Amino acid sequence: MQKNIKNIDKLVFGRGSFDQLESILSSRPEDEGGYRIFLVDHYFKGKELESRLPARPVDHVQFIDVDPAEPTTDQIDGLRDEILNSRGLPSSVTGIGGGSILDIAKALSLMFTNEGSSTRYQGLNLIQRPGVYHVGVPTISGTGAEVSTTAVLTGPEKKLGLKCDWTVFNQVVLDPELIASVPMDKWFYTGMDTYIHCIESEQGSLNNAFSHAYAEESLKLCREIFLCQGAGKKPENDDKLMVASLMGGLSLSYSEVGVCHALSYGLSKILGEKHCYANCLAFQHLGDYYPEGVSEFQQMMNKQGIALPQGLSKGWSEEEMMAMSRVAYNLPHMWLHAAGTGWKDKITPDSIYSLYQRF
Ligand code: NAD
Ligand code: ZN
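Here the residue index of a chain counts from 1 through its sequence in written order. Ligands are numbered from 1 and chains lettered from A, in the order in which they are written. Thresholds applied to this predicted model are a pLDDT of at least 70 for local features of residues and 80 or more for the giving and counting of side-chain atom pairs; totals over whole chains, interfaces and linings are not thresholded and use all residues. Hydrogens and waters are ignored; side-chain quantities use all the structure's heavy atoms.

**Here we look at the overall build of the chain**
Right, on to step 1. Secondary structure summary: the chain contains 14 helices and nine strands in total.
Right, on to step 2. Expressed as lengths along the three principal axes of its C-alpha atoms, the size of the chain is roughly 60 × 50 × 40 Å.
Right, on to step 3. Three labels apply to residues, based on accessible area from a 1.4 Å probe with only protein chains included: buried if under 20% of the type maximum, exposed if over 50%, partly exposed otherwise in between. Burial status across the chain gives 56% buried among its 359 residues.
Right, on to step 4. Only heavy atoms matter for contacts: two residues are in contact if any of them lie within 4.5 Å across the pair. Of the contacts made within the chain by residues no fewer than 6 positions apart, 76% connect residues no fewer than 24 positions apart.
Right, on to step 5. On the chain, roughly 14900 Å² of surface is accessible, and the fraction owed to carbon and sulfur atoms is 52%.
Right, on to step 6. Each charge class in the chain can be summarised by its mean position, and for the 32 positive and 44 negative side chains these summaries are 1 Å apart. Secondary structure elements are defined from DSSP: runs of H or I of at least 4 residues count as helices, runs of E of at least 2 residues count as strands, and each element is numbered from the N terminus. Working definition of accessibility: Shrake-Rupley area with a 1.4 Å probe, residue cover restricted to the visible protein chains. All tallies of charge rest on Lys and Arg as positive and Asp and Glu as negative; His and the ends of each chain are not included. By convention, the point assigned to a charge is CZ for Arg, NZ for Lys, CD for Glu and CG for Asp.

See the structure below:
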């Protein structure tokens, strides 16, 4: 069976496109008489963007601090209950922020119309009903959350997405002006998530001409942004990074991620490390799996003056490392892609434990 993937309904790209949000929202008949929800990264509280939000007095604007933890099932359930009890069903949900806010917007949209706790729906196609119309406006680029069919949530049992066709945004607004203020370190780590998506997508059994084409173009853009002459944090590279992130996301959607993402999930679930940073921590140690990718990643780090901590595993307990190994092992789709159909003969919780010992 080949993957048959739902894509974003509508997408606008370009500088200043954020200001089209009002006409996008008001063009829907449901908008009149309803109320809009805006979930905005708290970085923008009091900033110029706040005054540009197309929020009417009736609408609900909520600023959310996404640091340090990744979105959780409790957070989504709490937000849903609070808003439903006080305001009822909204006509739209717009998320303005990074991967965390985009995932919160997707998950909230679905949980408005699906009963009970979001923990019930962590997995593939468990959601019963379509969510509320939802819009994604990325303000930091690299995760590909703007295009993906999943809203990643950390629950008591697992870090796993609400994954189905209805998760995908109805509308995405890609305005490169919004990512200009991202600090250097976050710009690099989040951008590297895209780079790693492409390297992992390319190197595995599920890669195909379609995922390859997106990965190849996204990798070319990543090199221009982070490595080649003209690399660095500047407006023309912000345009490229938004496109690279989208294409990297499309590449992995039609292929799969691999060893680095499996290890990264363990780091996020057990130690609370953020996804993109956790990927960077892991990727540097995977030269035997991805030799060219890791070597180029190191050149990009040198070029951009980024250093990653070493010797981390000395500070981890055996229980933590075993727990991380179990989380990573429990992602069979990633191992199948990275190591092929016989992956269970090669990959065990013990062999993953020894990978964490490299950190
Ligand atoms: P984030 O949303 O976690 O934000 C990172 C930081 O950047 C925050 O401190 C935020 O305040 C700040 N920030 C955002 N925009 C800014 C701006 N314009 N200027 C200044 N600061 C800004 O960032 P992320 O790395 O994009 O997202 C990570 C999350 O994405 C994780 O929760 C991960 O699980 C999720 N993720 C989801 C998918 C998916 O397919 N759904 C894929 C990969 C990662
Ligand atoms: Zn990723």
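Once the structure has been displayed, the description carries forward.
**So, the side chain of D41**
Right, on to step 1. Its location among the elements puts D41 in strand β2 (residues 36–41).
Right, on to step 2. When a carboxyl oxygen of Asp or Glu lies within 4 Å of a side-chain nitrogen of Lys or Arg, that pair is called a salt bridge. Of the buried charged residues, D41 lacks a salt bridge, with K274 as the closest side chain of opposite charge at 7.2 Å.
Right, on to step 3. There is a polar contact of 2.8 Å between the side chain of D41 and the backbone nitrogen of Y43.
Right, on to step 4. D41 has contacts with F63, I64, V66, I96, G97 and I101, leaving out every residue within four places of it along the chain. We call two N or O atoms a polar contact when they sit within 3.5 Å, provided that within protein one can donate a hydrogen and the other can accept it, with sequence-adjacent residues counted only if both atoms are side-chain atoms.

**Re the packing of aromatic side chains**
Right, on to step 1. Think of it this way: a Phe, Tyr or Trp ring, Trp meaning its six-membered ring, pairs with another when their centres are within 6.5 Å, and the plane angle makes it stacked under 30 degrees, edge-to-face over 60, tilted otherwise. Tallied over the entire structure, the rule returns 15 aromatic pairs.
Right, on to step 2. With a centroid separation of 5.7 Å and an interplanar angle of 90°, the aromatic rings of F188 and F226 are classed as edge-to-face. Pair noted here: F188 is in helix α5 (residues 184–202) and F226 is in helix α6 (residues 209–226), with a separation of 38 residues, a long-range link.
Right, on to step 3. Ring geometry for F210 versus Y214: centroids 5.3 Å apart, planes at 75°, classification edge-to-face. One end of the pair is F210 and the other is Y214, both in helix α6 and four residues apart, which spans about a single turn.
Right, on to step 4. By relative accessible area, F210 is classed as partly exposed at 40%.

**A look at the environment of P29**
Right, on to step 1. With respect to the secondary-structure elements, P29 resides in the loop between α1 (21–26) and β2.
Right, on to step 2. You can call P29 exposed: its relative accessible area is 68%.
Right, on to step 3. Note: C-alpha distance between P29 and M242 (213 residues apart in sequence) is 30 Å.

**Some remarks on the pairing of strand β4 (residues 92–97)**
Right, on to step 1. Within β4, six of the six residues are buried, which leaves it mostly tucked inside the rest of the structure.
Right, on to step 2. Side chains of β4 alternate between two faces, with S92, T94 and I96 and V93, G95 and G97 buried alike.
Right, on to step 3. Here, strands pair whenever DSSP counts at least two bridges between them. As defined by bridge partners, β2 adjoins β4 across five bridges and the pair is classed as parallel. Each residue of the ladder has a partner; that of F38, found in β4, is T94.

**Remarks on the sheet that holds strand β9 (residues 171–174)**
Right, on to step 1. Strand order in this open sheet of six strands is β1-β9-β6-β4-β2-β3, and the pairing throughout is parallel. On the outer flanks of this sheet lie β1 (10–13) and β3 (60–64), each paired with one strand and no other. Adjacent strand axes in the sheet meet at a mean angle of 15° when their direction is disregarded.
Right, on to step 2. Of the strand pairs in this sheet, β1 and β9 are connected by four bridges, and their pairing is parallel. Bridged to K10 within β9 is Q171.
Right, on to step 3. Against the sheet, helix α4 (residues 99–111) contacts β2, β3, β4 and β6 (134–138), and its axis sits at roughly 170° relative to β4.
Right, on to step 4. Angular values range over 0 to 180 degrees, each being the angle between N-to-C directions of two axes fitted as lines to C-alpha atoms, with helices fitted over their stretch in contact. Against the sheet, helix α7 (residues 235–254) touches β1, β6 and β9, its axis set at about 160° to β1.

**Here we look at the site of ligand 1**
Right, on to step 1. For this purpose, a residue is taken to be near a molecule or strand whenever a single non-hydrogen atom of the residue falls within 4 Å of it. Taken together, 30 residues are adjacent to ligand 1, and D41, D67, S100, S148 and K274 come closest.
Right, on to step 2. Contact between ligand 1 and D67: an oxygen atom at 2.5 Å from a side-chain N or O atom of the residue.
Right, on to step 3. The contact in question runs from an oxygen atom of ligand 1 to an N or O atom on the side chain of T190, over 3.4 Å.
Right, on to step 4. Relative to its unbound accessible surface of 870 Å², ligand 1 loses 94% to contact with the protein.

**A few points about unusual backbone geometry**
Right, on to step 1. A cis geometry characterises the amide bond from D67 onward to P68, with omega recorded as -5°.
Right, on to step 2. A positive phi is found at N125, a non-glycine position, where the angle reads about 55°.
Right, on to step 3. Positionally, N125 belongs in the loop between β5 (123–124) and β6.

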